[in-house]
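# Residue-level structure breakdown
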2 protein chains.
Amino acid sequence: NGANVAAAAPPVVHYYLNNLTTTTDPVTNRETVLILTPLARFYQGYWDNLAALSYPHDLISLGFVIPKGRDGNAANSALQEQIQKVQQGPHKKRFASITVLRQDIENPLQSQSEHERHKLENQKERRAAMAKARNSLLFTTMGPTTSWVLWLDSDIVESPHSLIQDLAAHDKPIITANCYQRYFDKDKNAMSTRAYDYNNWVDSPTAQELAKKMGPDDVLFEGYGSMATYRSLMAYMVGKDGNMDPNREVELDGVGGTALLVKAEVHRDGAMFPPFSFYHLIETEGFAKMARRLGWKSYGLPNYFVYHFNE
Amino acid sequence: NGANVAAAAPPVVHYYLNNLTTTTDPVTNRETVLILTPLARFYQGYWDNLAALSYPHDLISLGFVIPKGRDGNAANSALQEQIQKVQQGPHKKRFASITVLRQDIENPLQSQSEHERHKLENQKERRAAMAKARNSLLFTTMGPTTSWVLWLDSDIVESPHSLIQDLAAHDKPIITANCYQRYFDKDKNAMSTRAYDYNNWVDSPTAQELAKKMGPDDVLFEGYGSMATYRSLMAYMVGKDGNMDPNREVELDGVGGTALLVKAEVHRDGAMFPPFSFYHLIETEGFAKMARRLGWKSYGLPNYFVYHFNE
Ligand SMILES: Nc1nc2c(ncn2[C@@H]2O[C@H](COP(=O)(O)OP(=O)(O)O)[C@@H](O)[C@H]2O)c(=O)[nH]1
Ligand SMILES: Nc1nc2c(ncn2[C@@H]2O[C@H](COP(=O)(O)OP(=O)(O)O)[C@@H](O)[C@H]2O)c(=O)[nH]1
Ligand SMILES: [Mn+2]
Ligand SMILES: [Mn+2]
């Protein structure tokens, strides 16, 4: 009598962390992937690519964290609709499980326009809020059977269907794609692409010097002329030295979170997204630094792309 | 047909963090508590007190993390035996769920004797390993419905049955009992008690000065004559100013993990146990500092006791 046995014995579960592998062939080895997305706005392109991932969906769990308030409600409704379709559709397309976390706070920025989001004076508060959102999602969804965590922003509207396999194949503790953006080039009267995510970088002596002069709570932000760091940005390493190999790897000191694959053991050791100044870094950039302190290195693929929505 | 429905619709679950309360009356408000124990050795006294907790067991989940190797195997066997008994015993005594995590590493110290554990030269490696064990346990067991996390060491062999209610009643983000040890006083030819956990403290200018002179990876440890910090130790605040009130609260800058109640939102924001030098602090003491950076204060109850095993 299965039902009675279940009721009679509350779950006692054993997990052996040394049975949890993270290999270059995670599909064959049936490694579970947790895809985590902080979701302030819903984008259909994001969802379509997620649903089209060629990694076996029964090995994928999804987690979302959505802010309180009107925008959050709208994002949540749009997400629900798509979840319904996929989870009631063909078995092969269904994900193993989905968790939606509604925050008890609103997004700290009134306007979510790209212009407002990227103002320097808004960065510290905004990135701290993002970090807390990522942490609450991570701490509440990662389980004892999670092998990999893929951080994927909701405004990544174009990504390869083999994203997970492609990134995992490099066997790195932390690895990121290069995040670009499509736009209409008026001069050329044609579509083109440009760098979007400046958080993937190799550190510089200038940035180190800037940091030394800062107060303990001050944070260095990348991509602001008023605070030139002279770090080497992965965004600008595309095709460097004539190398267009999508498998080309570079070691990074700071990473962004747009499409970032992390071995779960890195998070399990304690690596999270500092919502405070950590070596004058915050959020995903602070995460790379914290992971490094735990002995884990970060890498990026300058010639392997995902694309950010363009307003 | 319940079974088919379950198979047909993989779990999609919504959680509203603002419905998750942490109040002074957690029993009435049906708040869930996750009790987490890093377990290198099993002690019957620990288990008996756990099983005797008056907090409703259906609101309690247990999580253990056990090192690899012979000692870990022995601790695991002893634990299994007790779990079997409780979870198959009277319904009212059963816990909601139990997770046992086996680490893929051994305890870094060959000998687990109190003497070996407490040698200064062993502290950094030992505390870093403890921190990682705590983090992996926390990151993999905390769920979206956890209101409180109680950290309880496996060698706390005596604790009040109302431990959870007593600590929660103070409505603090982080609060700890005072950890003492019973021993036989040869001079008096009678049993007596003495301070055990020195990690609960109020910071001092001396400690701050010591920290300033340290290298970036160096860590300050409390309770070592060769490194006198002149911090105010909660261990020595018992009955201070004639106040024996068990409800007396003191604000702390560092905490230990022997019997520590934490609101889950503190961890959810990202507060973990740094396995590296964080402001020259590590593990539970580093946790208090990290939580403080996130805006959460720590407190202790100098006149409210739990007792540590005595070898
Ligand atoms: N839960 C949550 N998600 C957010 C918040 N702010 C932004 N996001 C999401 O976090 C990711 C990164 O934020 P975004 O504003 O796109 O950063 P940017 O592209 O660097 O300007 C996106 O997936 C957003 O939808 C927030 O306050 N809470
Ligand atoms: N999982 C795990 N638990 C440990 C390890 N070392 C100690 N513990 C447990 O962690 C808690 C604190 O460690 P303990 O050695 O008692 O610290 P002390 O009392 O301060 O000397 C106890 O519950 C131990 O059983 C370890 O390497 N791994
Ligand atoms: Mn974005
Ligand atoms: Mn102990």
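Quick caveat: nothing in here was measured; it's all calculated off a predicted structure. (Residues numbered from 1 in each chain as written. Chains lettered and ligands numbered in written order. Predicted model: local features only at pLDDT ≥ 70, side-chain atom pairs only at ≥ 80, totals over all residues. Heavy atoms only, no water.)

Below, the discussion takes up the overall build of chain A. Summing up its helical and strand segments, chain A has nine helices and 13 strands in all. Here the C-alpha atoms of chain A give a radius of gyration of 20 Å, agreeing with the 19 Å that 2.2 N^0.38 yields for 311 residues. Here the C-alpha coordinates of chain A stretch approximately 70 × 45 × 45 Å along the principal axes. Split into buried and exposed, the 311 residues of chain A put 56% on the buried side. In chain A, the share of contacts with a sequence separation of at least 24, taken over all contacts with a separation of at least 6, comes to 78%. Of the roughly 12900 Å² of accessible surface on chain A, a fraction of 50% belongs to carbon and sulfur atoms. On chain A, the mean spot of the 32 positive side-chain charges and the mean spot of the 35 negative ones are 1 Å from each other. (Helix = DSSP H or I, 4+ residues; strand = E, 2+ residues; numbered from the N terminus. Rg over C-alpha atoms; globule rule 2.2 N^0.38 Å. Buried < 20%, exposed > 50% of the residue type's maximum accessible area, 1.4 Å probe, protein only. Contact = heavy atoms within 4.5 Å. Areas by Shrake-Rupley, 256 points an atom, 1.4 Å probe, with all protein chains shown as cover. Lys, Arg positive; Asp, Glu negative; His and termini not counted. Charge placed at Lys NZ, Arg CZ, Asp CG, Glu CD.)

Residue and element names in this part refer to chain A. The coordination sphere of the manganese ion (ligand 3) contains the protein donors Asp 155 (OD) and His 308 (NE2), at a distance range of 2.1 to 2.2 Å. You can see Asp 155 sitting in the loop between strand S5 (148–152) and strand S6 (156–158) and its partner His 308 sitting in strand S13 (residues 298–308), a full 153 residues away along the chain. No difference in accessibility class separates Asp 155 from His 308, as the two residues are buried. (Donors = N, O, S within 2.8 Å, 3.2 Å for Na, K, Ca; no water.)

With respect to the helices and strands, the residue Arg 102 of chain B is situated in strand S4 (residues 97–106). Looking at Arg 102 of chain B, its side chain comes within polar contact range of the side chain of Asn 73 of chain B, at 2.7 Å. Not counting residues within four places of it along the chain, the set of residues in contact with Arg 102 of chain B comprises Tyr 15, Tyr 16 and Leu 17 of chain A together with Ile 66, Pro 67, Lys 68, Gly 69, Gly 72, Asn 73 and Asn 76 of chain B. (Polar contact = N/O pair within 3.5 Å; in protein donor to acceptor, adjacent residues only side chain to side chain.)

All names here are of chain B. On the protein side, the manganese ion (ligand 4) has Asp 155 (OD) and His 308 (NE2) as donor atoms, found 2.1 to 2.2 Å from it. On the basis of relative accessibility, which here comes to 13%, the residue Asp 155 falls in the buried class. A residue is classified by how much of its surface remains accessible, and His 308, at 6% relative accessible area, is buried.

All names here are of chain B. Every one of the 20 residues lining ligand 2 counts as a neighbour, but Pro 38, Arg 117, His 118, Asp 155 and Tyr 196 are closest to it. Side-chain polar atom of Gln 103 to a nitrogen atom of ligand 2: 2.8 Å apart, as the coordinates give it. Within the side chain of Arg 126, a nitrogen or oxygen atom sits 3.1 Å from an oxygen atom of ligand 2. For ligand 2, the accessible surface in isolation is 570 Å², of which the surrounding protein chains cover 92%. Every element with two or more residues in the shell around ligand 2 is listed here: strand S3 (60–68) and helix H5 (123–141). (Near = heavy atom within 4 Å.)

Turning our attention to the relation of the copies chain A and chain B. Superposing chain A onto chain B requires a rotation of 180° together with a translation of 0.0 Å along the rotation axis, leaving an RMSD of 0.0 Å. This pairing of chains is accounted for by a two-fold axis. Of the C-alpha atoms belonging to chain A, the one lying closest to the rotation axis is found on Phe 139 of chain A, 2.5 Å away. Residue by residue, 100% of the interface of chain A is reproduced at the interface of chain B, so both copies engage with the same surface. (Least-squares fit on C-alpha atoms with pLDDT ≥ 70 in both.)

It is worth spelling out the environment of Ser 77 of chain B at this point. Here Ser 77 of chain B lies in helix H3 (residues 70–88). With 103 residues separating them in the primary sequence, Ser 77 of chain B and Tyr 180 of chain B have C-alpha atoms 28 Å apart.

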